[in-house]
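Structural overview for review
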Amino acid sequence: MTGWMGGGYDWKAWVYHYVPNYVHDKTLLVIYSVLSVTGVNARIRAEHMQKNEKAWERYRNENSNDIYLEQQQKMQDFFYGKHDASYNGCEVIAVYNALCALNDGRAPVSFPLLLNEFERSGIAAKGAFGTSPLSVYSYFHKLGHDSKMLFAGKITAQKLRNMQDQYDTYILTAYNDANDLGGMIHTVSITAQNGTYVIHNAGDPSAYHSLEEAVNGFRGGAGKTICLIGVKKANEVVTELC
């Protein structure tokens, strides 16, 4: 906290400190859900879809060798609510990357279609707060994937090992700075590749030896987990719950 500012208390700094340190993760997700009750209307979604399809064609031509979406900062041309995807698209990017991992490197839907889907249901405060992680979790259920969400306060090393063994790919939502909401919240996909675990769209080239290492290694250990979603390939059955 910065304390007193301009003769009055710096409430913004207080909130930025208070939320990651004292607001329960489930409470935060409930707030996200409330903010995502109202989506984007059909006319604007259709306009965005048309523009996003053109942007997608350009993006894929420029990044034709990439399987996963890694460079959110290049997505200024994608419309998502009242902002562009370079600002608020991380959850949708994580969903796309997870779908790639679940389908041998090829997502069954395009990135513009995913943006359109979450503009309809899941976008938080018209995009000012990205996308509700609970909507991300629900999306995979709608597709027929068995999925599991762990909340930060309940995550243990054993539960992470169980999730690693029982699920095929993962989506992590976390504070970029464990002590400062001003550092923003980021959502990333974690995939298993050749016995290692890779965090996508985080600027992290590391190959971690376990899911636990990847989760704890987010932002070089400076971040703080809010929730972790595990997703199985369709028609696979979990035999041991986390």
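What you see is a predicted model; the values in this text were computed from it and never measured.

**Quick look at the overall build of the chain**
Helix and strand counts for the chain stand at nine helices and nine strands. Burial analysis of the chain (242 residues in total) assigns 47% to the buried set. By sequence separation, contacts in the chain at least 24 residues apart represent 64% of the contacts at least 6 residues apart. Of the roughly 11,900 Å² of accessible surface on the chain, 51% is carried by carbon and sulfur atoms.

**What about unusual backbone geometry?**
The backbone phi angle of Asp 104 is positive, close to 55°, even though this residue is not glycine. Position of Asp 104 among the secondary structure elements: in the loop between helix H5 (90-102) and helix H6 (111-120). A relative accessible area of 72% means that Asp 104 is categorised as exposed. Phi at Arg 219 is positive, roughly 55°, even though this residue is not glycine.

**Side note on the sheet that holds strand E8 (residues 196-199)**
Consider a sheet: its strands pair through backbone hydrogen bonds, and that pairing is either parallel or antiparallel. Read across the open sheet, the five strands follow the order E5-E9-E6-E7-E8; overall the sheet is antiparallel. Sheet topology places strand E5 (147-151) and E8 at the edges, where each strand pairs with a single neighbour. Direction aside, neighbouring strands of the sheet carry axes that sit 20° apart on average. In terms of strand pairing, strand E7 (residues 185-193) meets E8 through four bridges, oriented antiparallel. Within E8, the position partnered with Ala 192 by the bridge is Tyr 197. The strands touched by H5 within the sheet are strand E6 (169-175), E7 and strand E9 (224-231), with E7 carrying the most contacts at an inclination of about 10°.

**Concerning the nonpolar core**
Counting 41 residues, the largest nonpolar core has Phe 78, Val 95, Phe 111 and Phe 140 as its most contacted members. Within the residue set of this core, elements represented by two or more residues are helix H2 (25-35), helix H3 (42-62), H5, H6, helix H7 (133-142), E5, E6 and E9. Counting residues per element, this core draws most heavily on H5, at nine residues. Setting aside residues no more than four positions away along its own chain, Phe 111 makes contact with Trp 56, Leu 69, Met 75, Phe 78, Ala 85, Val 92, Ile 93 and Tyr 96.

**Re the packing of aromatic side chains**
Two descriptors summarise a pair of aromatic rings, namely the distance from one centre to the other and the angle between the planes of the rings. All told, the structure shown has 10 aromatic pairs when counted by the stated rule. With centroids separated by 5.5 Å and ring planes inclined at 75°, the aromatic side chains of Trp 56 and Tyr 96 adopt a geometry described as edge-to-face. With a gap of 40 residues between them, Trp 56 in helix H3 and Tyr 96 in helix H5 connect regions that are remote in the sequence. Residues Trp 56 and Tyr 96 agree in their burial class; the two are buried. Taking the centre distance of 5.9 Å and the plane angle of 75° together, the rings of Tyr 139 and Phe 140 count as edge-to-face. When its relative accessible area of 8% is taken as the criterion, Tyr 139 is described as buried. Note on Phe 140: relative accessible area 0%, which makes it buried. Ring pairs connect the aromatic residues Trp 56, Tyr 59, Phe 78, Tyr 96 and Phe 111, which therefore count as one cluster. Taking NZ or CZ as reference, Lys 51 lies 4.9 Å from the ring centre of Phe 79, over its face.

**Observations concerning the packing of H3 against H6**
Where H3 meets H6, the closest approach of the two axes is 8 Å, and the angle between their N-to-C directions is 155°. Viewed along their axes, H3 and H6 adopt a mutual orientation that is roughly antiparallel. Handedness of the H3/H6 crossing: right-handed. Across the interface between the two elements, Arg 45, His 48, Met 49, Asn 52, Glu 53 and Trp 56 of H3 pack against Phe 111, Pro 112, Leu 113, Leu 115, Asn 116, Glu 119 and Arg 120 of H6. Of the residues contributing to the contact of H3 with H6, the split by class is six nonpolar, three polar and four charged.

**Here's the deal with H5**
The end-to-end C-alpha separation of H5 is 18 Å, in line with the 18 Å expected for 13 residues at 1.5 Å each. Within H5, 12 of the 13 residues are buried, leaving the element largely enclosed by the surrounding structure. In the segment just after H5, Asp 104 is the residue with positive phi, at about 55°.

Criteria and cut-off values
Residues numbered from 1 in each chain as written. Predicted model: local features only at pLDDT ≥ 70, side-chain atom pairs only at ≥ 80, totals over all residues. Heavy atoms only, no water. Helix = DSSP H or I, 4+ residues; strand = E, 2+ residues; numbered from the N terminus. Buried < 20%, exposed > 50% of the residue type's maximum accessible area, 1.4 Å probe, protein only. Contact = heavy atoms within 4.5 Å. Areas by Shrake-Rupley, 256 points an atom, 1.4 Å probe, with all protein chains shown as cover. Pairing = 2+ DSSP bridges. Axes fitted to C-alpha atoms, helices over the stretch in contact; angles between N-to-C directions. Core = buried A, V, L, I, M, F, W, Y, C linked by side-chain atoms within 4.5 Å. Phe/Tyr/Trp six-rings, centres within 6.5 Å; stacked < 30°, edge-to-face > 60°. Lys NZ or Arg CZ within 6 Å of the ring centre and 35° of its normal. Parallel < 35°, antiparallel > 145°, perpendicular 65-115°, else oblique. Left-handed = near helix turned anticlockwise from the far one by under 90°. Nonpolar A, V, L, I, M, F, W, Y, C, P; charged D, E, K, R; others polar. Expected span 1.5 Å × (residues − 1).

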